[in-house]
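Residue-level structure breakdown
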Amino acid sequence: MQLTVSGRTIRPGSLRGPVVGIANYVFDTLRHDAYAVRAGELLESRVAVPTAGDEAVLSGIEWETGPCGALSEPLAPVLEHYRETLDDTAVLVPVGGLACLDFLAGLTSGPSCVLVADKGHASLVELCSHAEPALVPHGAGFSLMVNFDCL
């Protein structure tokens, strides 16, 4: 990462001091993986997107569920906990946000701290009873609720 003013390049592990990150309404627009818990089974969710104009695309999105592929080691126990604990619901995993946190922590051999302000769900109770993830349109784009419980 190259700093704009100083021109200094920061590489993974090149810092020794603490790193602080601030993300205001960033994580809700980054990549999320979607899962569904249905009758005690964990399923992967995908979107079927129509090819019409921008507005029609967002309003015409349909969610499809199917068997899960292999889950990454850090994510598998979290999703297993959701499968065992939650009712029939949709669950988002903020993989884009998790990658940002990993990147920030990797910049330093010291501690890191992140302040994140976003719309989202902070507890298991808030994750219950969602038939599908809610897309909030913003012009030609959209945002999703951030699963802070997962973070």
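Data block above holds the structure.
The text that follows walks through the structure, step by step, so that each part is easy to find.

Parameters at a glance
Residues numbered from 1 in each chain as written. Predicted model: local features only at pLDDT ≥ 70, side-chain atom pairs only at ≥ 80, totals over all residues. Heavy atoms only, no water. Helix = DSSP H or I, 4+ residues; strand = E, 2+ residues; numbered from the N terminus. Buried < 20%, exposed > 50% of the residue type's maximum accessible area, 1.4 Å probe, protein only. Contact = heavy atoms within 4.5 Å. Areas by Shrake-Rupley, 256 points an atom, 1.4 Å probe, with all protein chains shown as cover. Lys, Arg positive; Asp, Glu negative; His and termini not counted. Charge placed at Lys NZ, Arg CZ, Asp CG, Glu CD. Core = buried A, V, L, I, M, F, W, Y, C linked by side-chain atoms within 4.5 Å. Patch = residues over 30% accessible without salt bridge, like charges linked within 9 Å, V, L, I, M, F, W, Y side chains within 5 Å. Salt bridge = Lys/Arg side-chain N within 4 Å of Asp/Glu carboxyl O. Disulfide = S-S within 2.5 Å. Pairing = 2+ DSSP bridges.

1. Some thoughts on the overall build of the protein
Counting its secondary structure elements, the protein contains four helices and 10 strands. Along the first, second and third principal axes, the C-alpha set of the protein runs to 50 × 40 × 25 Å. Buried residues in the protein amount to 30% of all 151 residues. Partitioning the intrachain contacts of the protein with sequence separation of at least 6 by distance along the chain shows that 73% fall at a separation of at least 24. Accessible surface for the protein amounts to roughly 8900 Å². Of this, 58% is attributable to carbon and sulfur atoms. Once the 8 positive and 18 negative side-chain charges of the protein are each reduced to a mean point, those two points are 14 Å apart.

2. Examining the nonpolar core
Counting residues in each nonpolar core, the largest one holds 11 residues, listed as Tyr 35, Val 37, Leu 42, Leu 75, Leu 79, Tyr 82, Leu 86, Val 91, Val 93, Leu 127 and Cys 150. Elements supplying a minimum of two residues to this core: strand S2 (33-38), helix H2 (76-85) and strand S5 (89-93). Look past the residues within four positions of Val 93 in its chain and what remains in contact with it is Arg 31, His 32, Asp 33, Tyr 35, Leu 75, Leu 79, Leu 98 and Cys 150. Among the nonpolar cores identified, the runner-up in size contains five residues, and Ile 10, Leu 15, Val 19 and Leu 107 belong to it.

3. Comments concerning the environment of Pro 77
Tracing the backbone through its elements, the reader meets Pro 77 in helix H2. Once the C-alpha coordinates of Pro 77 and Leu 107 are considered, the two residues, 30 residues apart in sequence, prove to be 27 Å apart.

4. With respect to a nonpolar patch on the surface
Where nonpolar side chains cluster on the molecular surface, the patch consists of Val 20, Ile 22 and Leu 115 and spans about 360 Å² of accessible area. Note on placement: Ile 22 falls in strand S1 (residues 19-24). Judged by relative accessible area, Ile 22 falls into the exposed class, the value being 70%.

5. A word on the state of the cysteines
The final tally for this structure, using the stated rule, is zero disulfides. With no disulfide of its own, Cys 150 has Cys 68 as its nearest cysteine by sulfur position, at a separation of 13 Å.

6. Remarks on the pattern of salt bridges
This structure, assessed with the given rule, holds five salt bridges. Measuring nitrogen to oxygen at the nearest pair gives 2.9 Å for the salt bridge that ties Arg 31 to Asp 33. When salt bridges with common partners are traced through the structure, they connect Glu 80, Arg 83 and Glu 84 into a single cluster.

7. Concerning the pairing of S5
Most of S5 is tucked away: five of the five residues are buried. Neither face of S5 is left uncovered, since the one carrying Thr 89, Val 91 and Val 93 and the one carrying Ala 90 and Leu 92 both have all their residues buried. Across five bridges, S2 lies against S5 in antiparallel orientation. Bridge pairing in S5 places Ala 34 opposite Leu 92.

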